[in-house]
Structure formats: structure tokens, C-alpha cells
Amino acid sequence: MSKKVILTDRLMRPIAHFSHASRVCNLVHIGAVAGVFPDLRLAGDSAGRIDTVAQIERMFENLAVELDLMGARLSDVVRIKSYISFPRDIGKYKEAYSRHFSRIKPAHAVVGSWDFPLPQAAVELDAVAVVDSGVRGSDAGGFHYATACPIDAEGRVVASTIRDQTIGALRNLEKMLAAVGLTSRDVCSVHVTLADPRELPLVESEFRQFFGDSPPAWTVVGAPLESPDFRLTIESTATSGGGQRIGSKLAPLTVGKAAPAVLAGDTLFLGGQLGLSGDAAVPGDVEQQTRNAWARLNSLIDVAGFTPESIIRTNNVLVDWRDYAGFNAGYGANMPEPYVPRATVLGQLSDARAKVQVEGVAHRNGAEATILQVSPIMRR
């Protein structure tokens, strides 16, 4: 069998190698959703003015359209991550979010991104939905999704140091897992956003205490956070029994270090892969780094017994938007049509030489996924 494609003229035409959504069984992955019309006009657009509120509302409207076209509803959403260009707009975003999701309560993360590929875009999100699971919120489809922040029961920031905030956030994660009968051993994938990536060694130390010698797959990005007092935010995906840690020759598995990938049932979580080569003195340009990152991802997919067509979404981080064309050249060489959904944002990486990081999710039945794409006439 091959991928099935749903065509629409209700969504923005793509500016690179991506679709809007993919569905495997009852699992729906939504790629980058912006506050934009099909012809790429931003909502509220006027000369010299960015209307963030209009973009936020249009973004949620677009999300609802994408879900509907994939046979899902807002109430099926289990995870949302929103990226906001201007910290001053976080309050406006939260107000709109509460109107749409106050009763659904998916796992929810808010981080910053220094601008987007679409000029003057102020906000963007990506999401996961599980159709007709019978469970509302962040625990559905066999997986539990959580966002842990460094706050106490009253919502106050627990401390000022990265070490204490990491401990506080991990304690909150532990409580959320325990509430559904899970533990740290059941975590498959972790995404850590740091206000300052130079503090990563201190975070790694606390993660070793929490996860022991067999940490899950993880991805680390430096970016502004929901609160100026936060040093980090932790997102996790867990399932009963956890998963099998996977490594390859290009992305080796190391005791005590985060796994390059974790296989949990039919789902393969691919941790963030940098594109640096073995020669530290020659980091390479962004196209070569993107190809290197994909070589690592493909090696992990192969070790897991999957095919390259099993990928159902990717998330990508660049450190400089001037590298967007080179990144797309390397990405497109590894992503045949029909493209899968993706989000691409600007952030900082754990190695100053790195220009790009690619993470993804694959599924054993990914080659038979349903893909939501814009009609060919809209792509001209």
C-alpha cells in the first residue's frame, strides 16, 4: 500500500517541503499552523502593522480546519506546542487559548521563536490528536503527554537556579506520570527547551538522577520561555512499559546518555540529531549538516526495522534564517512527496558549530499514512 493524499484549497500553499498533517490509524500529527490565509496573506495584515490577535484567531481556525479534514476535532487534541515571536503577546495568546481549550486540557507548551520563515508571522503551533480515543486531554491513544514547568502548586516559580528549576520541573513531571500510573521508566521521549543552552550540563546531571542509566530519547533547544523567570520547560511522551532504546553506528547508544531513538510499540521516537560530521574542524554548511542529520535519522529508522517512508512528522531548528534555502535543499533530498508535516523554528543548539537539528516520529505503518496537502493549483 502507499500513502493516501487528501487535497484542499482551504489552507496556505506550502513554501517548502511539507504537508499540513498526517494520519496513521487514529493518530494525527499536525505540522506548523500559522495565522495565514490560503494565499499566504497574514490575518490582520496591513502596511507596517502586525496584528498578533488576528493571527492567533486565524491560527486556531486553521487548526480546526486541518483536524476536520483529517476526521478529527479540537476535543481530540492531546498535545499543543505554540511558538510566539514577541513575549509581550503571550498574554494575548493565553486568553485566546483558554477560550478554545479550557475544557479539553491537552498537554500545552509555550515557547519563543525568533521569527518564522513567513515574514511578519507572529505565532505558530504544532499539535497531536488522537481520534475517538474516548479520553479527553493529554492521556490518550496509549501515550501520555505532559508539559512540566518549574512552578509550585500555586503557580509560582520554584527557584532561580537552573539546577533547582530542573529538579522542580522533574518533580512535577513525576506527579503527572504517577497520576496515570506511570513512572520515569515509562517515558519514551523528552523535549527540553532552555533559556540558556550553556546550562545543559547541569540539566543533564539532574536527568541522570531522574532517569538512571537508560534515559529516553531527547531533544534540546535554546529559546525564550513562557515566563522570563523560567530557565527550562520539559515536555514528555510516555507509555506503559516505556520503550526500547535504539542506537546505530552513526548515532550510537551510550549508557547514561539520552537514547538517539526509542521504539515503543509501533512508534519510533527520533531524538534531535545535529548535522555535525566527525571532523570537528569542518562543521560544513547547512545543506551538508541537514544531510548528515538525516543520515543519522535514517540509520536509526533502519535499525528499528522501519523504512524511510515510515516518517510521519519532523520538527526542525535552525540558528539562522539565512540558512533556510540550504536547509530545504538538504531536507528535500531526504523527503520525497507526499511530504509529511513539519515545524521549522529558529533557536539555539547545544553545540555552537551546529546550524540545524532534526527530530522526528516514525510509525510502523507510516508508509500507509494519510497526508493532507494543498491542491496542486494552489501551489503555483
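Each remark here, short or long, concerns the structure printed above.
Worth saying up front: this structure is predicted, and the values here are computed from it rather than measured.

Adjacent strands of a sheet form backbone hydrogen bonds with each other and so pair up, either parallel or antiparallel. Spatially, six strands are ordered β12-β13-β14-β17-β15-β16 in an open sheet, and the strand pairing comes out mixed. Two strands bound the open sheet, and with one partner strand each, they are β12 (244–246) and β16 (342–346). The sheet shows a mean angle of 15 degrees between the axes of neighbouring strands, direction not considered. With six bridges connecting them, strand β14 (residues 267–274) and strand β17 (residues 356–363) associate as antiparallel partners. From the neighbouring strand, Leu270 faces β17, where its bridge partner is Gly360. Across the sheet, helix α5 (residues 286–303) touches β12, β13 (261–264), β14, β15 (311–318) and β17, and the angle it forms with β14 is around 150 degrees. Against the sheet, helix α6 (residues 324–332) touches β15, β16 and β17, its axis set at about 150 degrees to β16.

Attention now goes to the pattern of salt bridges. Scanning the model with the defined rule gives 22 salt bridges in all. Linking Asp164 and Arg163 is a salt bridge whose minimum nitrogen-to-oxygen distance equals 3.5 Å. Shared partners join several salt bridges into a network, and the residues in it are Arg79, Lys81, Asp126, Glu235 and Arg313.

Looking now at the nonpolar core. Ranked by internal contacts, the top residues of the largest apolar core, which has 48 residues, are Leu268, Leu270, Ile311 and Leu318. Mapped by element, the contributors of at least two residues to this core are β13, β14, α5, β15, α6, β16 and β17. Among the elements that take part in this core, α5 stands out by supplying six residues, more than any other. Look past the residues within four positions of Leu270 in its chain and what remains in contact with it is Pro260, Ala261, Leu297, Leu300, Ile301, Ile311, Glu359, Gly360, Val361 and Ala362.

In this section: the environment of Arg364. Mapped onto the elements of the fold, Arg364 is located in the loop between β17 and β18 (370–374). In contact with Arg364, not counting residues within four places along its chain, are Leu263, Gly265, Asp266 and Phe306.

Okay, the packing of helix α3 (residues 162–179) against helix α4 (residues 200–211) next. One can describe the packing of α3 onto α4 by two numbers: an axis separation of 9 Å at closest approach and a directional angle of 35 degrees. In terms of crossing hand, the pair formed by α3 and α4 is right-handed. Residue-level inspection shows Ile162, Arg163, Thr166, Ile167, Leu170, Leu173 and Glu174 of α3 in contact with α4, the latter providing Leu202, Val203, Glu206, Phe207 and Phe210. Of the residues assigned to the contact of α3 with α4, the class counts are eight nonpolar, one polar and three charged.

How each quantity is defined
Residues numbered from 1 in each chain as written. Predicted model: local features only at pLDDT ≥ 70, side-chain atom pairs only at ≥ 80, totals over all residues. Heavy atoms only, no water. Pairing = 2+ DSSP bridges. Helix = DSSP H or I, 4+ residues; strand = E, 2+ residues; numbered from the N terminus. Axes fitted to C-alpha atoms, helices over the stretch in contact; angles between N-to-C directions. Contact = heavy atoms within 4.5 Å. Salt bridge = Lys/Arg side-chain N within 4 Å of Asp/Glu carboxyl O. Core = buried A, V, L, I, M, F, W, Y, C linked by side-chain atoms within 4.5 Å. Buried < 20%, exposed > 50% of the residue type's maximum accessible area, 1.4 Å probe, protein only. Left-handed = near helix turned anticlockwise from the far one by under 90°. Nonpolar A, V, L, I, M, F, W, Y, C, P; charged D, E, K, R; others polar.

These figures capture arrangement, not role.
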